[in-house]
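Descriptive structure summary
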Amino acid sequence: MRNLLSLLLILVVGSMGYAQETDVDEKEILVTNLEEVTVSSGVIDVAVERKTPIALSIITSQEVQLKVGNLEFPEIMNKTPGVYATKQGGGYGDSRISLRGFDQRNTSFLINGQPVNDMENGWVYWSNWAGLTDVASGIQIQRGLGASKLAVPSVGGTVSIFTKSAEKARGGSFTQLIGNDGYSKSTIAYNTGINDNGWATSFLLTKWQGDGYIYNTSGEGLTYFAALGYSPEGSAHSLNLSLLGAGQWHHQRDVWVSIRDYQNFGEDGIDPRWNSNGGTLDGEEFSMRRNFYNKPLATFNWDWEINSNIELNTSLYGSAGRGGGTGPRGRNYYNSETDILPFRKDLTEHYLENGRGSRDANGFIDYNALINYNQTNTDAYTGNISRYQGLKLGSNGFRDDGVNRAALIRRASMNSHDWVGAISNLNITKGKMKYSIGVDLRNYTGYHYRALNNLMGLDGYYSTGNKNSAGQVIETTIEASPFKDTGIRGPKIDYYNVGKVGWQGLNSLMEYSGDKITAVLQMGTSNQSFQRIDYFDQPGNFESETKNVTGGYIKGGANWNFNDYSNAFFNVGIIDRQPNFDGIFPNYANAVNPDLQNEEIRSVELGYGFKKGAWKLNVNLYSTTWGNRFVTRSLSNQQGVDGFAQFKDIDVLHNGLEVEGQWRPTMATKIRGMLSIGDWRYTKDFEAALFDDTQTQIGTGTLYLKDAKVGDAAQFVAYLGLDQKLGKRLNFDIDYRFVDGLYADYSITDSEFTTAGNKGALKLPSYGLVDMGATWYLGDKLSLRVNMNNVFDTLYIAESNSNIHTSTDSVTWNGIDNRNSVWFGFGRTWNASLKYRF
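Observations regarding the overall build of the chain
- When helices and strands are tallied, the chain shows eight helices and 44 strands.
- Expected size for 838 residues packed as a compact globule is a radius of gyration near 28 Å; at 27 Å, the chain falls within 12% of this value.
- For the C-alpha atoms alone, the extent of the chain along its principal axes is close to 80 × 60 × 60 Å.
- Pairs at least 24 apart in sequence give 69% of the contacts found in the chain among residues at least 6 apart.
- Here the chain displays about 32,400 Å² of accessible surface, and carbon together with sulfur accounts for 52% of that area.
- Charged side chains of the chain number 77 positive and 89 negative; the gap between the two group centres comes to 4 Å.

Structure representation (structure tokens):
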């Protein structure tokens, strides 16, 4: 049998990415990540230090396993340059991440080489991938152009996540983790090991649940993973079949909270746990906002070593995501008794104008009172649909025949999809040259509709959302559960449309790898097809034409190793990228955008690396311009009309400096550091078209954003960490991260940006956080890990979506007007895990 480690290095490093070989240090990193894996996908593009001319960071599987605990998965990347990850509203899995100031719609996320960004809007829903903390065998963050051979690269960078395949050694483990606020996670894993015929199988099952750090954000989920590998001795073929999924539900906090709301509600002082969505029903936690989803991903990998110089790597994958999120439906805000959520105001102003309504003395929503009000104030239906006469019906758009338009029900907005894809690359090596050509094929269908979830004491709902009918009464409800019927074939309310996206990509690579110089040139082109089908809102035009849009890229670079210690690299690239789905079909209509244009991205980067003995240092400078952006955002405008705004021709410039280093004064001590400095700005003012909720244009406006800072991601981050071994059985680590240059996100409703000469984006207070952890090895089979995050319980603003600058009459907190809507970061949290290996 061929040596398993050599097989890994050949398949995962030699035949993927740019370089054929690894230096000693990089090989050690890869061994740490992948030594337990027998079969890995050859389509994964792994970059190599001192070879691949890009900026990159690596997070090992050990670091993921030890330090994530009950953190959100993206937060493990917060200590690498260019990354800013937050928990957003704070519900389980509601986190998000930015890279070099570009949000996750514009950063590529790959799991074993396969793209997972939503095919319509580019977003990544991390609640779908909760199981990655249990199965990740490493993370490589490729900033900027990256080494990926995907047909259209990302803007901010590429985050490549490797998961385990079938493991080489027989054995298993059981891990029990507990944490703050009732968090508990139990994980069992088992590997059969490789038999004489080359077969190996691995399984993992995880059950988690918790009350949530934020009030009324409990959740629970089930992670499942299985892999079957086949790599017989002497064979040129390696096969692997895997299944990964993480069904879950969790309550959310989606209503932004003002600083003064944090002060006026919850515990004394500022209570960062406050949730305006929170409440109880029959003595149990209940929320109008509940997310539920199950997205299994099945993957089949085939690596074929045709001869010593030619290799074919192919991956087939498919996913059927089912689920969505619940929310209120009905004009309950007509009554002060049922007007539960602040609307174009914060909860403090809501109380002053509307009173407490159905909230209890502590400010939480009493959903029993809402149900009682629904039942007491709804008359019996007297309409001409005889089978429903005498029932209590609610509606949002119908108010005759006893139907109560001011009632409240809980609807479920569904975002399900079917997705299949194939990636295949043919790699040819000839002397110091390497050539690669490959295809990237994807087919996606997204199903978007609303269904009834909870009638809140009523007997049915009179829906007028389908413009093809005069209305219908619906009694059927679905459960807000990831493993139940999601109503994809049942009755629907409000809207029902389908988005279809096809993707056909061709990529190529040519690489020279000499003794000191590595040079690479990559080119790719793709065609994306878009079609929109609307069964409710487009009478006479329910199916759009299929619009094909081409795009492509060219990128290249070189790395020069001056000597055994120092190297320098550069890369440049131009990307012509197709817009997202809403850029093709604006206004939520089936007409193709007459002003359709591709986004243009240009990037240049310079880097230097030093590695000698105990020292390691990487420095890089980058400049990225991004033009012709098209963005859609929901809004409530100055006249109180709800709808959305569409922006076009947005241009931004992102410049930055990144430094990452490591020093190992002894074998027992490792000190790491990072510095990330950005200057990210809008380069011009731009126009916005405003629409109401009937998709009728109601106006236009100019946003004066020229030279304004890009918000929602920190432009200055510094990090210092220490890992210390204390004897043979105890390890200790401590990390400090300082954040500055963080600005609020902009909004069309911010009057600050509707006039020239404005004050720009609101700068938020800087903050510093300390995290600590320790690991005890209690023998060969048992270990204990303890983490404490935000050790000093620092109170800080992680993000804001308003830009209210201080004035002479402002009431402030830490220099910020307390009317601003913000998410405070989590205070002190902890987790402890006990792992037994057998």
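Here's the deal with the sheet that holds strand 6 (residues 114-115)
- Judged by pairing direction, the sheet is mixed, and its five strands sit side by side in the order 1-7-8-5-6 without closing on themselves. Each edge of the open sheet is held by one strand with a lone partner, namely strand 1 (55-60) and strand 6.
- Bridging between strand 5 (residues 108-111) and strand 6 involves two bridges; their strand directions are antiparallel. Within the sheet, the bridge partner assigned to leucine 110 lies in strand 6 and is proline 115.

Brief notes about the pairing of strand 30 (residues 599-612)
- A one-sided burial pattern is seen for strand 30, the buried positions being Glu599, Ile601, Ser603, Glu605, Gly607, Gly609 and Lys611 and the unburied ones Glu600, Arg602, Val604, Leu606, Tyr608, Phe610 and Lys612.
- As defined by bridge partners, strand 29 (residues 566-577) adjoins strand 30 across 12 bridges and the pair is classed as antiparallel. Of the residues in strand 30, the one forming a bridge with alanine 568 is tyrosine 608.

Digging into a nonpolar patch on the surface
- Side chains of Ile428, Tyr435, Met510, Leu521, Met523, Ile554 and Ile574 sit close together on the surface and give an oily, nonpolar patch of about 560 Å² of accessible area.
- Note on placement: isoleucine 574 falls in strand 29.

Overview of helix 6 (residues 347-354)
- Those residues of helix 6 lying buried are Leu347, Thr348 and His350. Projection of helix 6 onto a plane perpendicular to its axis shows the buried side chains occupying an angular sector of 160°, all on one side.
- Residues of helix 6 that are buried in the fold lie against helix 5 (259-264).
- Just beyond helix 6, the residue with positive phi is glycine 355, at close to 80°.

Some details on unusual backbone geometry
- One non-glycine residue, arginine 50, adopts positive backbone phi at about 65°.
- Here arginine 50 is to be found in the loop between helix 2 (24-34) and strand 1.
- Look at glutamine 88: it is not a glycine, yet its phi comes out positive at around 50°.
- Mapping glutamine 88 onto the fold places it in the loop between strand 2 (83-86) and strand 3 (96-99).

Quick word on empty space enclosed by the protein
- Summed over all chains, the structure comprises 15 cavities of 30 Å³ or more.
- A volume near 620 Å³ is recorded for the largest cavity.
- Leu71, Glu75, Lys87, Asn789 and Thr829 are the residues nearest the centre of the largest cavity, which is lined by 42 residues in total.
- Mapped by element, the contributors of at least two residues to the lining of the largest cavity are helix 3 (61-67), strand 2, strand 37 (730-740), strand 38 (767-777), strand 39 (782-789), strand 40 (797-800) and strand 43 (821-824).
- At five residues, the largest contribution of residues to the lining of the largest cavity is made by strand 38.
- Class assignment for the residues of the lining of the largest cavity results in 14 nonpolar, 15 polar and 13 charged.
- In this model, the second largest cavity occupies a volume close to 330 Å³.
- Forming the boundary of the second largest cavity are 20 residues, of which Arg105, Asn117, Arg442, Trp503 and Arg577 lie nearest the centre.

Regarding the environment of isoleucine 478
- By the element assignment, isoleucine 478 lies in the loop between strand 25 (472-474) and strand 26 (493-513).
- Isoleucine 478 gets classed as buried once you look at its relative accessible area, which sits at 8%.
- Sequence separation between isoleucine 478 and proline 491 is 13 residues; the distance between their C-alpha atoms is 10.0 Å.

Points about the packing of aromatic side chains
- The full count for this structure, using the stated rule, is 34 aromatic pairs.
- Arranged with centres 5.3 Å apart and planes meeting at 85°, the rings of phenylalanine 109 and tryptophan 126 form a pair that is edge-to-face. With phenylalanine 109 in strand 5 and tryptophan 126 in the loop between strand 6 and helix 4 (132-135), this pair connects stretches of sequence that are 17 residues apart. The same class applies to phenylalanine 109 as to tryptophan 126, namely buried.
- Both rings, one in tryptophan 274 and one in phenylalanine 364, keep their centres 4.9 Å apart while their planes meet at 45°; by these two values the pair is tilted. Of this pair, tryptophan 274 sits in the loop between helix 5 and strand 15 (278-281) while phenylalanine 364 sits in the loop between helix 6 and strand 20 (365-366), and the two are 90 residues apart along the sequence.
- For tryptophan 274, a relative accessible area of 0% puts it in the buried group.
- In this structure, lysine 87 packs its charged tip against the face of phenylalanine 826, placed 4.5 Å from the ring centre.
- The ring of tyrosine 622 has arginine 100 sitting right over it, with the charged end atom 3.9 Å from the ring centre.

Rules used in this analysis
- Residues numbered from 1 in each chain as written.
- Predicted model: local features only at pLDDT ≥ 70, side-chain atom pairs only at ≥ 80, totals over all residues.
- Heavy atoms only, no water.
- Helix = DSSP H or I, 4+ residues; strand = E, 2+ residues; numbered from the N terminus.
- Rg over C-alpha atoms; globule rule 2.2 N^0.38 Å.
- Contact = heavy atoms within 4.5 Å.
- Areas by Shrake-Rupley, 256 points an atom, 1.4 Å probe, with all protein chains shown as cover.
- Lys, Arg positive; Asp, Glu negative; His and termini not counted.
- Charge placed at Lys NZ, Arg CZ, Asp CG, Glu CD.
- Pairing = 2+ DSSP bridges.
- Buried < 20%, exposed > 50% of the residue type's maximum accessible area, 1.4 Å probe, protein only.
- Patch = residues over 30% accessible without salt bridge, like charges linked within 9 Å, V, L, I, M, F, W, Y side chains within 5 Å.
- Salt bridge = Lys/Arg side-chain N within 4 Å of Asp/Glu carboxyl O.
- Arc of directions from axis to C-beta.
- 1 Å grid on protein atoms, 1.4 Å probe; cavity = no way out; pocket = protein on both sides within 12 Å on 5 of 7 lines; lining within 4 Å.
- Points joined across faces, edges and corners; volume = space filled by probe spheres on them.
- Nonpolar A, V, L, I, M, F, W, Y, C, P; charged D, E, K, R; others polar.
- Phe/Tyr/Trp six-rings, centres within 6.5 Å; stacked < 30°, edge-to-face > 60°.
- Lys NZ or Arg CZ within 6 Å of the ring centre and 35° of its normal.

Geometric descriptors of this kind do not, in isolation, establish any biological role.
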